[in-house]
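Close look at the chain arrangement
In case you want the letters, here they are:
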Amino acid sequence: MQKIPFLTLEQVKEIVKTYPTPWHIYDEKGIRENAKRLNEAFSWNKGFKEYFAVKATPNPFIMNILKEYGCGVDCSSMVELEMSDACGFSGKDIMFSSNETPIEEFKFANDLGAIINLDDITHIKYVEEVCGKLPKTMCARYNPGGVFTMSNGIMDNPGDAKYGMTPDQLIEAFKIMQSKGVKHFGIHAFLASNTVTNEYYPKLARELFEFAVRIKNETAINVEFINLSGGIGIPYTPDSEPNDIFEISNGVKKAYEEVLEANAIMDVAIFTELGRYMLAPYGALITEAIHEKNIYKHYIGVDACASNLMRPAMYGAYHHLTVLGKENEKASEVYDVVGSLCENNDKFAIDRKLPKIEKGDYIYIHDTGAHGFAMGYNYNGKLRSAELLLQEDGSVKMIRRAETDKDYFATFDFCNIMDKYLK
Ligand SMILES: *Cc1c(COP(=O)(O)O)cnc(C)c1O
């Protein structure tokens, strides 16, 4: 499918008058339409709820938009819990799915009334210790081990993943929790990431539903919610087909009827914890071409770098690039498009066919709305960019300012060494 930017060159030229590049920008209209579509697709399930994975795009303005669609939040750390609390999420609207959890975070999650999703059987005692007693509602993370494969060849390797409990441990954990007064139970699993197929959720759901039947048989516990977690992918490359959320939901519904309802397990709520699917296509990183260099390869140097978007450096991930204003020009050149870090993996594109780029051209890096800004860091003294929101009326609102050197130096405020730059 052709990748079409949600911004034009004219818009970017206007925005840079106020906000110099690089910046991340989010498309409010796209975010809203997608959230609405997800709810529609799962409307057959009475208790359906999306818990937005905050780690994907931890910005209160974004979280508040999703809140309007009934979304909760999935948090994995103290800071994410604090951000969610500040945005007005509370109680069962917060899922706390963390691993190797500092025990004070269990306490804070419990104080907020969040649903704690336990990663390991040994954590029962920590929760009990810091919370006084176990909360009435608990969730546990399931890891079936082995290899998870789908018919199109996509696979992932739960047996090699640090998350969750073995099925036997999870059942044991539920028995212990039950004996300690827990009344409401849920299960959760995340078995494959960025799945560009309509098959993942239905297959995962069927496996979790079958496990819920086993739980019922062995413990008499009726699992009340099943959390399919994240993992629905998006088409980063122009040749991949987007997922169809309605087809995905229908696949889950079929498994729900065939496994849960057929075993008289009724009214189970389906939860999701999507991050990438909710935001990735509705964000872009805009950067200016500032240098051109020809040595053994042909380089375009841009003013963004891997500290603004780490996925290419970290996973070799593909992000599509559009040279704004040259959407219809022939891709006559082959470039490496690179940032300024002193790391040779700081490349947004390698051997990419693109139209001829001039200094001053703006490059639109697609699909950076999730795990983009969020994975930013300060290596090489690089500062995090601003985040902007393209509102439905076409106006632009800053939803996070760019970092300054003062932010970078703020952690030296206990001494006077950096005062010259902190004042
Ligand atoms: C990262 C994560 C998610 C979101 O994953 P996406 O691939 O962005 O959908 C959801 N749940 C948990 C526990 C996660 O760690």
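Keep in mind that this is a model prediction, so the values were computed, not measured. The residue count restarts for each chain, going from 1 along the sequence in the order it is written. Residue-level local features of this predicted model are given only where pLDDT is at least 70; pairs of side-chain atoms are given and counted only at 80 or more, and the full residue set underlies all totals for whole chains, interfaces and linings. Remark: hydrogens and water are excluded; side-chain values derive from all non-hydrogen atoms of the structure.

**Comments concerning the overall build of the protein**
Numbering of helices and strands starts at the N terminus; helices are DSSP runs of H or I of at least 4 residues and strands are runs of E of at least 2. Looking only at helices and strands, one finds 13 helices and 19 strands in the protein. Here the C-alpha radius of gyration of the protein, 23 Å, is about what a compact globule of 423 residues would show, namely 22 Å. Seen through its principal axes, the protein has C-alpha atoms that stretch 70 × 55 × 45 Å. For the protein, buried positions account for 53% of its 423 residues. Note on contacts: a residue pair is in contact if any heavy atoms of the two residues lie within 4.5 Å. Here the contacts in the protein between residues at least 6 apart in sequence split such that 69% fall between residues at least 24 apart. Accessible surface for the protein amounts to roughly 18700 Å². Of this, 51% is attributable to carbon and sulfur atoms. In the protein, the 46 positive side-chain charges and the 60 negative ones have mean positions that sit 1 Å from each other. We compute the radius of gyration from the C-alpha atoms alone; for a globule the expected value is 2.2 Å times N to the 0.38, where N is the number of residues. With a 1.4 Å probe rolled over the protein chains alone, any residue whose accessible area is under 20% of its type maximum counts as buried; one over 50% counts as exposed, and the rest are partly exposed. Using the Shrake-Rupley algorithm and a 1.4 Å probe, accessible areas are obtained, with residue cover drawn only from the displayed protein chains. Positive residues here are Lys and Arg, negative ones are Asp and Glu, while His and the chain termini are left out of the count. Note on charges: their place is set at NZ of Lys, CZ of Arg, CG of Asp or CD of Glu.

**Some points on the pattern of salt bridges**
When a carboxyl oxygen of Asp or Glu lies within 4 Å of a side-chain nitrogen of Lys or Arg, that pair is called a salt bridge. A complete count under the given rule lists 23 salt bridges for this structure. Notably, a salt bridge pairs E257 with K253, separated by 3.2 Å at the nearest N-O pair. Taken together, the residues E257 and K253, both in helix 9 (residues 245–260) and four residues apart, mark about one turn of the helix. The closest approach of N and O atoms between K254 and E258, which form a salt bridge, is 3.3 Å. Placement of the pair is K254 and E258 together in helix 9, with a separation of four residues, close to one helical turn. Residue classification places E258 among the partly exposed positions, given a relative accessible area of 41%. When salt bridges with common partners are traced through the structure, they connect E28, R32, E68 and E392 into a single cluster.

**Observations regarding the nonpolar core**
Generally speaking, nonpolar side chains in soluble globular proteins are found buried as a group. By nonpolar core is meant a set of buried Ala, Val, Leu, Ile, Met, Phe, Trp, Tyr and Cys residues that side-chain atoms within 4.5 Å join together. Residues F174, M177, I187, Y201, F209, I226 and M278 are the most contacted members of the largest nonpolar core, which totals 89 residues. At 10 residues, helix 8 (residues 200–219) tops the list of elements feeding residues into this core. What marks off one domain from the next here is an automatic or database domain assignment. Lining this core are residues from two domains, each supplying at least three of them: domain 1 (28–280) and domain 2 (281–409). Here I187 is in contact with C139, A140, L170, F174, L208, F211, A212, I215, V223, F225, I226 and N227, once residues within four sequence places are set aside. Core analysis: the second largest hydrophobic core is formed by 17 residues, L7, I15, Y362 and L388 among them.

**Some details on the domain arrangement of the protein**
You'll often see interface size given as the accessible area lost when the parts meet. You can read the domains of the protein as domain 1 (28–280) and domain 2 (281–409). If you average the C-alpha positions of domain 1 and of domain 2, the two centres end up 32 Å apart. Buried area is a sum: the accessible area each of two parts loses on coming together, probed at 1.4 Å, counted once for each and added. Overall, the association of domain 1 and domain 2 removes approximately 2000 Å² of surface from exposure, summing both partners, and the carbon and sulfur fraction of that is 58%. A per-residue breakdown of the area domain 1 buries against domain 2 is headed by E28, Y236 and A280, which together make up 30% of the total.

**Structural notes on unusual backbone geometry**
With an omega dihedral of 0 degrees, the bond running from T21 to P22 counts as a cis peptide bond. Here P22 is to be found in the loop between helix 1 (9–15) and strand 1 (23–27). Phi is positive for S229, close to 60 degrees, though the residue is something other than glycine. For S229, the position within the fold is in the loop between strand 10 (225–227) and helix 9.

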